[in-house]
Amino acid sequence: MSFVRNAWYAACWSEDLASGGTLARTLLCRQIVLWRTTDGVAALEDRCCHRSLPLSLGRVTGTTLQCGYHGLEFDRTGRCVRVPGQSRVPPGSTVRAYPVCERHGLIWLWPGDAGAADTALIPDLPWLDDPGWTRTGGCIHLGADYRLLIDNLLDLTHVSYIHKNTLAGDPAEALVPVTTTREGDAIRVERWMRGFTAPPMYNRARKFAGKVDRWQLIRWQAPSTVTLDIGCADADTGAPEGDRSHGISMWSNHIITPETETTTHYLWAFARNFKLGDETVSKTIAQDGLRTFLEDTAVLEAQQRSISTVGDRATVDIRIDNAPMQFRRILGDMIAREGAGAA
Ligand code: FES
Ligand SMILES: [Fe+2]
């Protein structure tokens, strides 16, 4: 398996799980049902211990999830608490429960050792639910290995090729060098572009009369969260030194959860600190974002088809692969450590 299991993964956006509702999701090759009780969110293996019907086909009754076949009821710990027609609950009537936590507008699930689930380890994405920022986003079902998506996000040069009709600006931008830094189990890839024309998306949000300084500050955090701190400001007004008051900022969030070895739940969102609550701007950003990410996912799915057909044969590496190769090394080491711990 190519997953780190002892980590928090986003199962879905909070709004995807209605009150009293259930949601079936395959996460890291496991069938899981998420459900919202009167006490909050819960997650169980999506298989009844009686005759294996997915529990997601059942219904929430206050604090229990009732199987849709013969009515066994389970609490949030996975224990069967009621069997219709008999007072005794047979021993072993349990299903696996997973630690869950709702934070930053997302429902996070810990698929590994429950005893190690510490909510302090949930990626810190405060701009997703801070009133000083407005969030817009969605979820794409990607038919590719989640690591191909992280490769893509850590490489800025693909913009000139994949996004030539959407994001690509001045071709000289692609020549601006990046700096890559490792920070523990995280990697930063940073690029400052000084004295360029503002791209259309930023100009629509706030008219920039002259040249701008632009930034793209990417951070991958193990196992699969990538955030991009992006924006621009009037040139030479101090943005690289920390004064962004003459510009606008956005967080581009990529919260990535493997579904299987070759499919992925790709949760994405933009958070902006300008024109808060402006529905037209939110709609434009959502449309532009989705269009751009679908350009990426079309390429990644073609790449996956190629890999699945011919196998993961040796490929060559070039200079732009520095950050992707570093992230794969860190992730591989984490997976190996987990495997050694389980042995
Ligand atoms: S299969 Fe669930 S109660 Fe029988
Ligand atoms: Fe892209």
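Rules used throughout
- Residues numbered from 1 in each chain as written.
- Chains lettered and ligands numbered in written order.
- Predicted model: local features only at pLDDT ≥ 70, side-chain atom pairs only at ≥ 80, totals over all residues.
- Helix = DSSP H or I, 4+ residues; strand = E, 2+ residues; numbered from the N terminus.
- Rg over C-alpha atoms; globule rule 2.2 N^0.38 Å.
- Contact = placed C-beta atoms within 7 Å.
- Pairing = 2+ DSSP bridges.
- Axes fitted to C-alpha atoms, helices over the stretch in contact; angles between N-to-C directions.
- Expected span 1.5 Å × (residues − 1).
- Buried ≥ 20, exposed ≤ 12 C-beta atoms within 10 Å, placed from the backbone.
- Parallel < 35°, antiparallel > 145°, perpendicular 65-115°, else oblique.
- Left-handed = near helix turned anticlockwise from the far one by under 90°.
- Core = buried A, V, L, I, M, F, W, Y, C linked by C-beta atoms within 7 Å.
- Domains from an automatic or database assignment.
- Nonpolar A, V, L, I, M, F, W, Y, C, P; charged D, E, K, R; others polar.

### Examining the overall build of the chain
Consideration 1: On a plain count of helices and strands, the chain comes out with five helices and 17 strands.
Consideration 2: On C-alpha atoms alone, the chain measures out to a radius of gyration of 22 Å, which is about the 20 Å that the 2.2 N^0.38 rule sets for 343 residues.
Consideration 3: Expressed along its principal axes, the backbone C-alpha trace of the chain runs to roughly 75 × 50 × 35 Å.
Consideration 4: Contacts in the chain between residues far apart in sequence, at least 24 positions, make up 56% of those at least 6 positions apart.

### Some words on the sheet that holds strand E15 (residues 225-234)
Consideration 1: Read across the open sheet, the seven strands follow the order E11-E17-E16-E15-E14-E13-E12; overall the sheet is antiparallel. Each having just a single partner strand, strand E11 (134-142) and strand E12 (179-183) make up the two edges of the open sheet. On average, adjacent strands in this sheet sit at an angle of 15° to one another, irrespective of strand direction.
Consideration 2: The strands touched by helix H1 (residues 146-153) are E11, strand E14 (212-221), E15, strand E16 (247-258) and strand E17 (264-272); relative to E16, the strand with the most contacts, the crossing angle is about 160°.
Consideration 3: Against the sheet, helix H4 (residues 279-310) contacts E11 and E17, and its axis sits at roughly 25° relative to E11.

### So, H4
Consideration 1: Between its terminal C-alpha atoms H4 stretches 46 Å, which fits the 46 Å expected from 32 residues at 1.5 Å a residue.
Consideration 2: Among the residues trailing H4, Gly-311 stands out with phi positive, at a value near 85°.

### Some points on the pairing of strand E2 (residues 22-27)
Consideration 1: Inspection of the sheet shows E2 paired to strand E3 (residues 30-37) by six bridges, in the antiparallel sense. Across the sheet, Arg-25 pairs through a bridge with Ile-32, a residue of E3.
Consideration 2: What sits between the antiparallel neighbours E2 and E3 is a turn of two residues, in which Leu-28 has the positive phi angle 50°.

### Comments concerning the pairing of E16
Consideration 1: For E16, the tally of buried residues reaches 10 of 12 residues, placing the bulk of the element in the interior.
Consideration 2: As defined by bridge partners, E15 adjoins E16 across nine bridges and the pair is classed as antiparallel. Opposite Ile-230, over in E16, you have Met-250 as the bridge partner.
Consideration 3: Sheet topology places E16 next to E17; nine bridges connect them, and they run antiparallel. Across the sheet, the residue bridging to Thr-257 is His-265, located in E17.
Consideration 4: Counting the residues in the hairpin turn of E16 and E17 gives five residues.

### Digging into the packing of H1 against H4
Consideration 1: One can describe the packing of H1 onto H4 by two numbers: an axis separation of 10 Å at closest approach and a directional angle of 130°. The orientation of H1 relative to H4 falls into the category oblique. H1 and H4 meet at a crossing whose hand is right-handed. Where H1 approaches H4, its residues Leu-148, Leu-149 and Asn-152 are matched on the opposing element by Asp-296, Leu-300, Gln-303 and Gln-304.

### A few points about the nonpolar core
Most often, soluble globular proteins have nonpolar side chains that are buried together.
Consideration 1: Trp-108, Leu-109 and Leu-149 are the most contacted members of the largest nonpolar core, which totals 76 residues.
Consideration 2: With six residues, E17 is the single largest residue contributor to this core.
Consideration 3: Leaving out residues up to four positions away in the same chain, Leu-109 has contacts with Tyr-9, Ala-11, Leu-27, Ile-32, Ala-43, Tyr-98 and Val-100.

### A word on the domain arrangement of the chain
Frequently, the measure chosen for interface size is the accessible area removed from exposure when the parts meet.
Consideration 1: Domain annotation of the chain identifies domain 1 (9-121) and domain 2 (126-342).
Consideration 2: Each of domain 1 and domain 2 has a C-alpha centre, and the two are 33 Å apart.
Consideration 3: In this assembly, 11 residues from domain 1 lie in contact with 10 residues from domain 2.
Consideration 4: Of all the secondary structure elements, the ones that give two or more residues to the side of domain 1 that touches domain 2 are strand E1 (9-13) and E2.
Consideration 5: With four residues, E1 is the largest single contributor of residues to the side of domain 1 that touches domain 2.
Consideration 6: A breakdown of the residues in the side of domain 1 that touches domain 2 according to their chemical character gives eight nonpolar, three polar and no charged.

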